[in-house]
Amino acid sequence: CYQSSKVYTRREVHEAVLLAGLLLQEAAARALKHLLKHPRPATCSILNLCHSHGMPSSHTSMMFAYLAVSSCIALQLRRQRGTASRLLAAAEQLALAAAGVGVACSRVYLGYHSSDQVLAGALLGSVFGVAWFGVLRMLAPLYGLLASWRLLQQLGAKDTWGVGEPLAVEQAAFTDSSYKAKMA
């Protein structure tokens, strides 16, 4: 949900590719559930979930995939960011880590998964997130080309991959008098 809104509001090509990766990760977690056929814990009868499988926890997997890829991006951009942006990025990573742990613990506490199912989900998500960051980096040369496609231009797509302070760049563009003259 969060990544979808980020794609919609920011219109950055790499954010759309990141969303595609998260959807692929979800599909992989669900496929593994059907392949492994690991039963849910005994509490599944109370929850009426015994018909579905629990390994790996797809909720936990998604959270840790997003945490991993987001952390890799933050590390890549750390030298290009100012102190305030680095602190905000660190706070974001800590919040994502806390959310990931919170989701993982809640899945066990509420009886949806066993601890091994949650750990498997966290491991799957972390590995997938780091691997998807590699895919994002590999596809980086294409982001500018994709953003230049007519349809994507009409949708307001842009390429800010590798820009440490994209909002500062946009602010400078909007406050530039030549930009205002073009828009008038």
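Rules used in this analysis
Residues numbered from 1 in each chain as written. Predicted model: local features only at pLDDT ≥ 70, side-chain atom pairs only at ≥ 80, totals over all residues. Heavy atoms only, no water. Patch = residues over 30% accessible without salt bridge, like charges linked within 9 Å, V, L, I, M, F, W, Y side chains within 5 Å. Areas by Shrake-Rupley, 256 points an atom, 1.4 Å probe, with all protein chains shown as cover. Salt bridge = Lys/Arg side-chain N within 4 Å of Asp/Glu carboxyl O. Helix = DSSP H or I, 4+ residues; strand = E, 2+ residues; numbered from the N terminus. Buried < 20%, exposed > 50% of the residue type's maximum accessible area, 1.4 Å probe, protein only. Axes fitted to C-alpha atoms, helices over the stretch in contact; angles between N-to-C directions. Parallel < 35°, antiparallel > 145°, perpendicular 65-115°, else oblique. Left-handed = near helix turned anticlockwise from the far one by under 90°. Contact = heavy atoms within 4.5 Å.

J.: Which residues make up a nonpolar patch on the surface, and what values do they have?
T.: A contiguous nonpolar patch, built from L142, L145 and W149 and spanning about 310 Å² of accessible area, is present on the exposed surface. With respect to the helices and strands, L145 occurs in helix α6 (residues 115-147). Residue L145 is classed as partly exposed on the basis of its relative accessible area, which comes to 47%.

J.: How would you explain the packing of helix α1 (residues 2-10) against helix α2 (residues 13-36) if you had to name every residue and give the values?
T.: The relative placement of two packed helices comes down to the angle between their axes together with the axis-to-axis distance. For the pair α1 and α2, the least separation of the axes is 9 Å and the interaxial angle reads 160°. Between α1 and α2, the interaxial angle falls into the category roughly antiparallel. Regarding α1 and α2, the two cross each other, and that crossing is left-handed. Counting all contacts with α1, which are made through Q3, S4, K6 and V7, the residues of α2 involved are E15, A16, L18, L19 and L22.

J.: Outline the environment of M63, supporting the account with residue identities and numerical values.
T.: With respect to the element layout, M63 can be found in helix α4 (residues 58-77). Through-space distance from the C-alpha of M63 to that of V103 is 7.6 Å; in sequence the pair is 40 residues apart. Filtering out sequence-adjacent residues up to four positions away, M63 remains in contact with L96, A99, G100 and V103.

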